[in-house]
Amino acid sequence: MHTVWKGAISFGLVHVPVKMFTATEDKDIHLRMIHKACGTPIANVRTCPHCEQEVAWEEIARGYEQEKGRFVLFEPEELDAIKPDNTKTIQILDFVDLTEIDPLYYQKAYYLSPDQAGSGAYNLLLEAMRQSGKIGIAKIAIRSKSSLAAIRPVDNCICMETMHYPDEIRPLQLVPNLPEQTNVNEKELTMAKMLIEQLSTPFEPGKYTDDYRIALQEAIQRKISGEGADIVTAPDVERTNVIDLMAALQASLEAAKPGAAPTDSDDAGWGSRQSQNPGNARAQKRRGGALTP
């Protein structure tokens, strides 16, 4: 697996050097947007709707929309100045019971492995959390974003799950049409509980599959096997500027050979440049000398 972060877990005066790996992977099948007429993938271009032109990266600033159409701009060095100071430490703030954390808070999971000579401290933290039944609540900065995180043992590995901050969780009061009181029929409730009991089973994640992804994979394979009209090949991108440059370089090499006579195109080119730039003629007239390229 690819290392996405290196640093240390810090709790008290103990530092545990670790490497971080993404615990999950995106298995979605991503379909690109294709121009039907020629089979070319559609390009995402950075354009300015006001200037009606493509914008280079060096001409782009970051901005916060204070109000509609009004932005507060930041230069990269201004954003760098307010980044979290410590981006290489997972600072454990507290230890809590796992059951106290609502799953709503969890975001993304990572595996942490011991780095270099940190296996002793790593094993110590792993076993201490396992025997105490506690997990760590920590802060970490990844790609300049500060995140809350849960540090917990998973078998023989320390796992980290980034978490939402409390003010990022929307209150339930914003959800429309929630019942104020749960008044239900007792007989219906008994039957519902019986149904839940019948469907209850130990959690076996391997039995659950992404049916849509499987169906899409099969549909793709059917189209590939059929090699029908739905299979298109994107045309090669024309590189006329590269071809013209190579031709110009080749012509220059030929012209630079000893004894090579000037070509008509060279004369025509010079005459064209002279006629297109009357300033050159005026300057030559003032100097009373010959034009020099």
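Look a little higher up for the structure.
Per-chain numbering applies: the sequence of each chain, read as written, is numbered from 1 onward. Two thresholds apply to this predicted model, a pLDDT of at least 70 for residue-level local features and 80 or more for giving and counting side-chain atom pairs, whereas whole-chain, interface and lining totals are computed over all residues. Note that water and hydrogens are dropped before the side-chain values are worked out from all heavy atoms of the structure.

Engineer: Please clarify how the side chain of Ser10 should be interpreted in this entry.
Structural biologist: A run of H or I in DSSP counts as a helix once it spans at least four residues, and a run of E counts as a strand once it spans at least two, with each numbered from the N terminus. Counting through the fold element by element, Ser10 comes out in strand S1 (residues 3-11). Ser10 gets classed as buried once you look at its relative accessible area, which sits at 3%. In this structure the side chain of Ser10 is engaged in a polar contact, spanning 3.5 Å, whose partner is the side chain of Gln91. Not counting the four nearest positions on each side in its chain, Ser10 is found in contact with His15, Thr89, Ile90, Gln91 and Ile92. Summary of the burial criterion: residues with accessible area below 20% of their type's maximum are buried, those above 50% are exposed, and those between are partly exposed, where the area comes from a 1.4 Å probe applied to protein chains only. Polar contact is the term for a pair of N or O atoms within 3.5 Å; when the atoms are in protein, one must be able to donate a hydrogen and the other to accept it, and sequence-neighboring residues count only if both atoms are side-chain atoms. We call two residues contacting when some pair of their heavy atoms lies within 4.5 Å.

Engineer: It is not clear to me how the nonpolar core should be interpreted in this structure. Could you clarify?
Structural biologist: In a soluble, globular protein the nonpolar side chains are often hidden away together inside. To define a nonpolar core, start from buried Ala, Val, Leu, Ile, Met, Phe, Trp, Tyr and Cys residues and group those joined through side-chain atoms within 4.5 Å. Ile9, Met20, Ile90, Leu112, Ile151, Ile158 and Met160 are the most contacted members of the largest nonpolar core, which has 22 residues in total. Elements represented by at least two residues in this core include exactly S1, strand S2 (14-22), strand S7 (89-97), strand S8 (106-114), helix H2 (119-132), strand S9 (134-142), strand S10 (145-154) and strand S11 (157-163). Broken down by element, this core gets its largest block of residues, four residues, from H2. Not counting chain neighbours up to four residues away, the residues in contact with Ile9 comprise Val14, His15, Val16, Val18, Ile90, Ile92, Leu112, Leu125 and Ile158. In this structure, Val96, Ile101, Ile137 and Ala150 belong to the second largest nonpolar core, which totals seven residues.

Engineer: Looking at this structure, I do not really get the side chain of Thr89. What am I missing?
Structural biologist: As for its placement among the helices and strands, Thr89 is situated in strand S7. Excluding its chain neighbours within four sequence positions, the residues that come into contact with Thr89 are Trp5, Ala8, Ser10, Lys139 and Ile140.

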